[in-house]
Amino acid sequence: MKTLFKTLLPLTMVALACGAQAADFPIKDKTITIIVPFAAGGPTDRVARDLAEAMRKPLGGATIVVDNAAGAGGSIGANKTAKAPADGYTLLLHHIAMATMPTLVRNIPFKVESDFEYLGMVNDVPMTVIGKPALPANNYKEFTAWIAQNKGKINLGNAGVGSASHLCGLLFQTALKTDMTPVPYKGTAPAMTDLIGGQIDLMCDQTTNTTSQIEGKKVKAYAVTTAKRLTTPALKDLPTLQESGLKDFEVTIWHGLYAPKGTPADVQKKINDALKAALKDPEFIKKQEGLGAVVVSDKRIEPAEHKKFVAAEIAKWSPIIKAAGVYAD
Ligand code: ASP
């Protein structure tokens, strides 16, 4: 009897603790952390900070902070989340790398499909091909001529192996049948600083990071990676890579929200409800649209659809990455 009591008591306490946690989530004064797997000031960071602001009210005024666990193309932050306590107080905002990393990077220390709870998707974001301000090329045609003249001398910034900028840069080089020297950073915020300063030549990055720099003429912009031209005022005159001759070239980045596997279902529901409210927040929508992003308003806001979408993206990108022969360890 005594032994049974000893065995049952801790289990009961754990169950009570979990129940209380779910019902009270989020506990007043307990901070919710959104892990961003890239450097502060970059595009993923920007989405996370705007989202944290928009989710605060629907989560009862909770304090939501961003933790930039940057490096290794976004896998350090994802791994940190996968190993964090599954209590709803640690979340991850990640992008398309959740779907491309499993193929692009041979040894990732977590499983995209089984180590996370999927909480819903946030937005879709186009990318732009941009160059340092001193580049002589003033349009896409001159840009490709400059690339041809400078074969072997061009370097290309990215946010590390497996990142969106890495993927986009690789696909661009494959499409042009040229090789550039990759320069990895912990995110495209520091890469942007170096691009503006002329330390690197080119970059392919989300409009959430490039729009204001293009508008301010701090960088040269040559094309967008979407199938259609964009409507954002600063970007509407940029040609698509498809219309510029790179048939089928299309990359759109998307962001989703995740929690460690095992986060209680009712806590997940509260977070998903807060996410849904944030995605309808006019202020959040306005900020995102101003940067060329499209806030998700379709079924991918539902966790099951988010998971289905990521699985479809893994299936879509895997053969493309394999065919391009681009891997990293
Ligand atoms: N834009 C980056 C990427 O290439 C990530 C970032 O800094 O947010 O994936």
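Residues numbered from 1 in each chain as written. Predicted model: local features only at pLDDT ≥ 70, side-chain atom pairs only at ≥ 80, totals over all residues. Heavy atoms only, no water.

Colleague: What is the right way to read the site of the ligand from this model?
Modeller: Around the ligand sit Phe38, Pro43, Thr44, His95, Ala159, Ser163, Ala164, Ser165, Gly187, Thr188, Asp205 and Gln206, and those are all the residues in its vicinity. Here an oxygen atom of the ligand and a side-chain polar atom of Thr44 are 2.6 Å apart. One of the backbone N or O atoms of Thr188 is found 2.8 Å from an oxygen atom in the ligand. Sorting the residues of the shell around the ligand by element identifies helix 2 (43-56), helix 6 (164-176) and strand 7 (202-206) as the ones contributing at least two each. In terms of residue class, the shell around the ligand is built from four nonpolar, seven polar and one charged. (Near = heavy atom within 4 Å. Polar contact = N/O pair within 3.5 Å; in protein donor to acceptor, adjacent residues only side chain to side chain. Helix = DSSP H or I, 4+ residues; strand = E, 2+ residues; numbered from the N terminus. Nonpolar A, V, L, I, M, F, W, Y, C, P; charged D, E, K, R; others polar.)

Colleague: Help me understand the packing of aromatic side chains in this model?
Modeller: Geometry of an aromatic ring pair is reported as the spacing of the ring centres plus the angle between the planes. In the structure shown here, the tally under the stated rule is eight aromatic pairs. For the pair Tyr118 and Tyr258, a centre-to-centre distance of 5.1 Å together with 70 degrees between the ring planes defines the contact as edge-to-face. Of this pair, Tyr118 sits in strand 4 (residues 116-131) while Tyr258 sits in strand 9 (residues 252-260); the two residues are 140 residues apart in sequence, bridging distant segments of the chain. Among the residues examined, Tyr118 registers a relative accessible area of 5% and is labelled buried. Through a chain of ring-to-ring contacts, three or more aromatic side chains come together here, namely Phe110, Phe116, Tyr118 and Tyr258. Between the NZ or CZ atom of Lys30 and the centre of the ring of Tyr89, over which it lies, the distance is 4.3 Å. (Phe/Tyr/Trp six-rings, centres within 6.5 Å; stacked < 30°, edge-to-face > 60°. Buried < 20%, exposed > 50% of the residue type's maximum accessible area, 1.4 Å probe, protein only. Lys NZ or Arg CZ within 6 Å of the ring centre and 35° of its normal.)

Colleague: What's the story with the nonpolar core in this structure? I'm lost.
Modeller: One recurring pattern in soluble globular proteins is that nonpolar side chains are buried together. Judged by nonpolar contacts, the single largest core of 84 residues is most densely connected at Leu51, Met55, Phe143 and Phe172. It is strand 4 that contributes the most residues to this core, eight residues altogether. Excluding residues within four positions of it along the chain, Met55 makes contact with Ile64, Leu257, Ile271, Ala274, Leu275 and Ala278. Counting 13 residues, the second-largest nonpolar core is a separate cluster that includes Ala191, Ile200, Met203 and Leu238. (Core = buried A, V, L, I, M, F, W, Y, C linked by side-chain atoms within 4.5 Å. Contact = heavy atoms within 4.5 Å.)

Colleague: I keep staring at the side chain of Arg300 and nothing clicks. Help me out?
Modeller: With respect to the helices, strands and loops of the structure, Arg300 is situated in the loop between strand 10 (294-295) and helix 11 (303-324). Take Arg300: its relative accessible area is 12%, and that puts it in the buried class. Excluding residues within four positions of it along the chain, Arg300 makes contact with Gly120, Met121, Asp124, Glu305, His306 and Phe309.

Colleague: Could you clarify how one ought to interpret helix 3 (residues 75-82) in this entry?
Modeller: Along an α-helix, residues three or four positions apart point the same way, because every turn accommodates 3.6 residues. Burial in helix 3 covers these residues: Ser75, Gly77, Ala78, Thr81 and Ala82. Seen from one end, helix 3 has its buried residues packed into an arc of 160 degrees, which puts them on one side. Where the residues of helix 3 are buried, they touch strand 1 (32-36), strand 3 (90-94), helix 4 (97-104), strand 4 and strand 9. (Arc of directions from axis to C-beta.)

Colleague: It is not clear to me how the state of the cysteines should be interpreted in this structure. Could you clarify?
Modeller: Should the sulfur atoms of two cysteines be covalently bonded, the bond is a disulfide. Under the definition given, this model contains one disulfide. The disulfide bridge from Cys168 ends at Cys204, spanning 1.9 Å between sulfur atoms. For the disulfide bridge between Cys168 and Cys204, the dihedral angle about the S-S bond is near 45 degrees, and by the sign convention the bridge is right-handed. Residue Cys168 is found in helix 6, and its partner Cys204 is found in strand 7; the two are separated by 36 residues along the sequence. Here Cys168 matches Cys204 in class, with each residue buried. (Disulfide = S-S within 2.5 Å.)

Colleague: What's the story with the pattern of salt bridges in this structure? I'm lost.
Modeller: Oppositely charged side chains are able to pair whenever their charged atoms sit close together. Applying the stated criterion to the full structure yields 16 salt bridges. Among the salt bridges present, the one from Lys261 reaches Glu117, with a minimum N-O distance of 3.9 Å. Here Lys261 is found in the loop between strand 9 and helix 9 (265-279), whereas its partner Glu117 is found in strand 4, with 144 residues between them in sequence. Residue classification places Lys261 among the partly exposed residues on the basis of a relative accessible area of 44%. The buried category is assigned to Glu117, whose relative accessible area is 13%. Note that Asp124 and Arg300 form a salt bridge whose closest N and O atoms lie 2.8 Å from each other. Here Asp124 is found in strand 4, whereas its partner Arg300 is found in the loop between strand 10 and helix 11, with 176 residues between them in sequence. Given the relative accessible area of 17%, Asp124 is considered buried. Among the charged side chains, a salt-bridge network with shared partners connects Asp124, Asp298 and Arg300. (Salt bridge = Lys/Arg side-chain N within 4 Å of Asp/Glu carboxyl O.)

These results come straight from atomic positions and should not be treated as a statement about function.
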